[in-house]
Amino acid sequence: YMAREVRPLLAERGLSCCCLMRRVYELEDMVPMGRLLHGASWEGKTRDSMACNARARAGRSRTRPSAFDTVAVRRMSLGPLPSTFNSEPYLPPAGDAPRVPNGCSQEMSLTMDKIVPELGYVAGNLRFLPNWVNKALQDLPDAEAYRIVLRLFGMLPQHPTKSVSPALHARARQVISVKKSGARRDGVAVGPCFSFAALLSAGKLVDRCPYSGYELDWGKKGKPGANRNSPSFDRSEPGSAYSCHGVQVVANVTNALKGSICMRRFLDAICFLQTDAYVHSHVPAAARPAHHLQQVQTLEAMASEVPRSLAFVLGPARWSRGGAEAAGGIREEAWP
């Protein structure tokens, strides 16, 4: 796309051309790519990484990998980018948030998400999200994630559960054995009461997740599962030892959601997703009909399932930066 002789001329002026963006940048904004010392701009690499991360997410599930439209994803990654989410700036090139040291979580990196998880990464079903929200959603629809968080808060009743059937006892024993081995390998203490017999007697081994309602998949014999509805041992005190009375069995997706975020901040983010400010800045025009259907479901959940005492439980907080009270923001004073 550029004659080889042109690059030295650009370099004399402190410039180079990005192979990904097809634009000229200053040398200080360039990074190596292939055999070229200044082959790609930092912006181009970041945008390209966004598309690559979407592809990785699409193929992450072993049981149901998502559809992936390479052209649509790349076109969106190279197009206009939002600069803030709920008044929080994204990392460059989308926003001007300060970069964090290597090894730290890049929670305000810009990522792509599927609006309707079942449809995959295809044209008309893509939106932008900060990395921390995308990870927390775990491929859940917005309304479903919202309900799970409310159940974790105790604002909605849990789904009824039953003890795991005798036919699954052997598989449950194996799951517990694998968990004990993994915990000890990671240096986490395991109490003597963390055993199949004790957990079964205490009613901890259940058939479904009380928060998501998913029927738990205890995995095939000889091969414990690792899917979104696989059983996961949630400790009441993070970092504590595994014990019979200090754990509950939930779906893997619930434990991942609970452990990766501040749930109050997540509720605030879900509220912001329903606002016009989010739609206009993060959702391409072609995808707004799909996002509108998600909005309808989520706003219905907010209207019908959030008790008036929610402000007391969550504690003092201003309205969500999404704005309007109708969008489900959390108010500072108690509701009358």
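The paragraphs below set out a description of the structure included in this document.

### Remarks on the overall build of the protein
- The helix and strand tally for the protein stands at twelve helices and ten strands.
- Burial status across the protein gives 45% buried among its 336 residues.
- In the protein, the proportion of contacts linking residues at least 24 apart, taken out of those at least 6 apart, comes to 56%.
- Of the roughly 17200 Å² of accessible surface on the protein, a fraction of 54% belongs to carbon and sulfur atoms.

### Let's talk about helix α5 (residues 142–153)
- Across its twelve residues, α5 extends 17 Å between first and last C-alpha, which sits within 8% of the 16 Å expected from 1.5 Å per residue.
- Every buried residue of α5 is accounted for by D142, A143, A145, Y146, I148, V149, L150, R151 and L152.
- Where α5 ends, the next residue or the one after it, G154, has phi of about 85°, a positive value.

### Notes on the environment of M76
- With respect to the helices and strands, the residue M76 is situated in helix α3 (residues 70–77).
- Sequence-wise, M76 and R127 are 51 residues apart; in three dimensions their C-alpha atoms are separated by 8.9 Å.
- Apart from residues lying up to four places away in sequence, M76 is in contact with L81, M112, L126, R127, F128, H282 and P284.

### Focus: the side chain of D234
- Within the secondary structure, D234 is located in strand β9 (residues 231–235).
- Owing to a relative accessible area of 6%, D234 belongs among the buried residues under this scheme.
- If near-sequence neighbours (up to four positions away) are discounted, D234 is found in contact with G246, V247, Q248, V250, N255 and K258.

Conventions adopted
- Residues numbered from 1 in each chain as written.
- Predicted model: local features only at pLDDT ≥ 70, side-chain atom pairs only at ≥ 80, totals over all residues.
- Heavy atoms only, no water.
- Helix = DSSP H or I, 4+ residues; strand = E, 2+ residues; numbered from the N terminus.
- Buried < 20%, exposed > 50% of the residue type's maximum accessible area, 1.4 Å probe, protein only.
- Contact = heavy atoms within 4.5 Å.
- Areas by Shrake-Rupley, 256 points an atom, 1.4 Å probe, with all protein chains shown as cover.
- Expected span 1.5 Å × (residues − 1).

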